[in-house]
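Structure assessment
Now for the letters of each chain:
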Amino acid sequence: MTRAPRPTLPRASARRRPAADPAPPDPALAGEPEPPHPPAKAPPRKRGPAKPLHGSAEAPRRARIMNLQQAGDFVRALAAANPAPETELHYTSPYTLLVAVALSAQATDVSVNKATATLFQEADNPAAMVALGEEGVGRHIRSIGLWKGKAKNVIALSRLLLERHGGEVPADRAALEALPGVGRKTANVVLNVAFGEEAMAVDTHIFRLGNRTGLAPGNTPREVEDGLMKRVPPELLRDAHHWLILHGRYVCKARMPECWHCVAIALCNYRDKVRVAPPR
Ligand code: SF4
């Protein structure tokens, strides 16, 4: 018996549900090929300014916090490399130190030293400074930032020292901070350098370093200061302020930390260490 041939079935593609009827062609376009659709363009992404990889003093990139042993070893490594650290500001007395530190806000130590070299020749005590007057002080410090306000403060604080403290710089935080132009940081420097107190003046370098390395992270200079006071070993507290400032100024720099010659690289928790010097 011979089988009847199977009926030919339409192919699968032909069995699909028919698409809706196309619209009748536009007579004006009849015979012209349809232009290709341009690829859909994604709207441009809005980007803010690129964040610096190594952070800044205002927004330092944070590292995992060091444990106490590591924090101590970190400061010990800096201490071993510079056993007798000193402030880079030139001064001859607590008074000239106070004036130099008050002038150093938003100015480099080098520029302050240039200005005070001639200023202190004319006036190195409160009475002479008051006699010199704002204009006279201004003549010497015009090359540093915010000089007008600073000249005013130097005269006002000198006058207050004469009125309240017999012309001497008080070794007392509250009395120092009551002087015009003297904040916590300036008071800490004077207490530490002039009077040998264990005080930690957190400037832009120490603030960055505390956060970047994990030594003492904090959102404000005061938080970093408190962290350092707790975490730096007591026997190193007196000089830690100098070690950290100098390290931040010359090695752990804001734009690019020079980790390739950092004595504390093995102890630092910063994730983006720059291990090789960039070509010059
Ligand atoms: S290793 Fe780099 S980031 Fe860490 S403290 Fe040293 S210089 Fe700064």
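As a starting point, this report considers the structure included with it. (Residues numbered from 1 in each chain as written. Predicted model: local features only at pLDDT ≥ 70, side-chain atom pairs only at ≥ 80, totals over all residues.)

1. Notes on the overall build of the chain
Across its full length, the chain carries 11 helices and 0 strands. Along the chain, helices (α) and strands (β) appear in the sequence α-α-α-α-α-α-α-α-α-α-α when read from the amino end. In the chain, the share of contacts with a sequence separation of at least 24, taken over all contacts with a separation of at least 6, comes to 59%. (Helix = DSSP H or I, 4+ residues; strand = E, 2+ residues; numbered from the N terminus. Contact = placed C-beta atoms within 7 Å.)

2. Concerning the site of the ligand
Close to the ligand lie 13 residues; Cys252, Pro257, Cys259, Cys262 and Cys268 are nearest. Among the residues forming the shell around the ligand, the class breakdown is 9 nonpolar, 1 polar and 3 charged. (Near = placed C-beta within 6 Å. Nonpolar A, V, L, I, M, F, W, Y, C, P; charged D, E, K, R; others polar.)

3. Notes on the packing of helix H3 (residues 94-103) against helix H6 (residues 147-165)
It is at 10 Å that the axes of H3 and H6 come closest, and there the two elements cross at 155°. With respect to H6, the element H3 is oriented roughly antiparallel. As for how H3 packs across H6, the hand of that crossing is right-handed. The segment H3 lies against H6, with Val99, Ala102 and Leu103 engaging Lys150, Asn153, Val154 and Leu157. (Axes fitted to C-alpha atoms, helices over the stretch in contact; angles between N-to-C directions. Parallel < 35°, antiparallel > 145°, perpendicular 65-115°, else oblique. Left-handed = near helix turned anticlockwise from the far one by under 90°.)

4. Digging into the nonpolar core
The biggest cluster of nonpolar side chains holds 59 residues, and the ones touching the most others in it are Phe74, Leu98, Ala102, Val137, Val154 and Val190. Counting residues per element, this core draws most heavily on H3, at 8 residues. In contact with valine 190, not counting residues within four places along its chain, are Pro94, Leu97, Leu98, Val101, Val169 and Leu176. (Core = buried A, V, L, I, M, F, W, Y, C linked by C-beta atoms within 7 Å. Buried ≥ 20, exposed ≤ 12 C-beta atoms within 10 Å, placed from the backbone.)

5. Remarks on the environment of leucine 97
Considering the arrangement of structural elements, one finds leucine 97 in helix H3. Placed 92 residues apart in sequence, leucine 97 and valine 189 show a C-alpha to C-alpha distance of 8.8 Å. Leaving out residues up to four positions away in the same chain, leucine 97 has contacts with Leu89, Tyr91, Val190, Val193 and Ala194.

6. Quick word on unusual backbone geometry
Excluding glycine, residues mostly have negative phi values, and the peptide bonds linking residues are mostly trans. Backbone geometry at glutamine 106 places phi at a positive 55°, although glycine is not the residue there. Residue position: glutamine 106 is located in the loop between H3 and helix H4 (109-122). Not every positive phi belongs to a glycine, and leucine 146 is a case in point at roughly 55°. Following the sequence through the fold, leucine 146 ends up in the loop between helix H5 (126-141) and H6.

7. Describing the packing of H5 against H6
Closest axis-to-axis distance for the H5/H6 pair is 9 Å, and the angle between their directions is 180°. Here H5 is positioned roughly antiparallel relative to H6, judged by the angle of their axes. On H6, the residues touching Pro126, Ala127, Met129, Val130, Gly133, Glu134, Val137, Gly138 and Ile141 of H5 are Trp147, Lys148, Lys150, Ala151, Lys152, Val154, Ile155, Ser158, Arg159, Leu161 and Leu162. Across the contact of H5 with H6, the residue classes tally to 12 nonpolar, 3 polar and 5 charged.

8. With respect to helix H9 (residues 204-213)
With respect to burial, H9 is a largely interior element, 8 of its 10 residues being buried. Within H9, the full set of buried residues consists of Ile206, Phe207, Arg208, Leu209, Gly210, Asn211, Arg212 and Thr213. At its buried positions, H9 is contacted by helix H2 (68-81), helix H10 (221-231) and helix H11 (237-250). Remark: glycine 214 follows H9 within two positions and exhibits a positive phi of approximately 90°.

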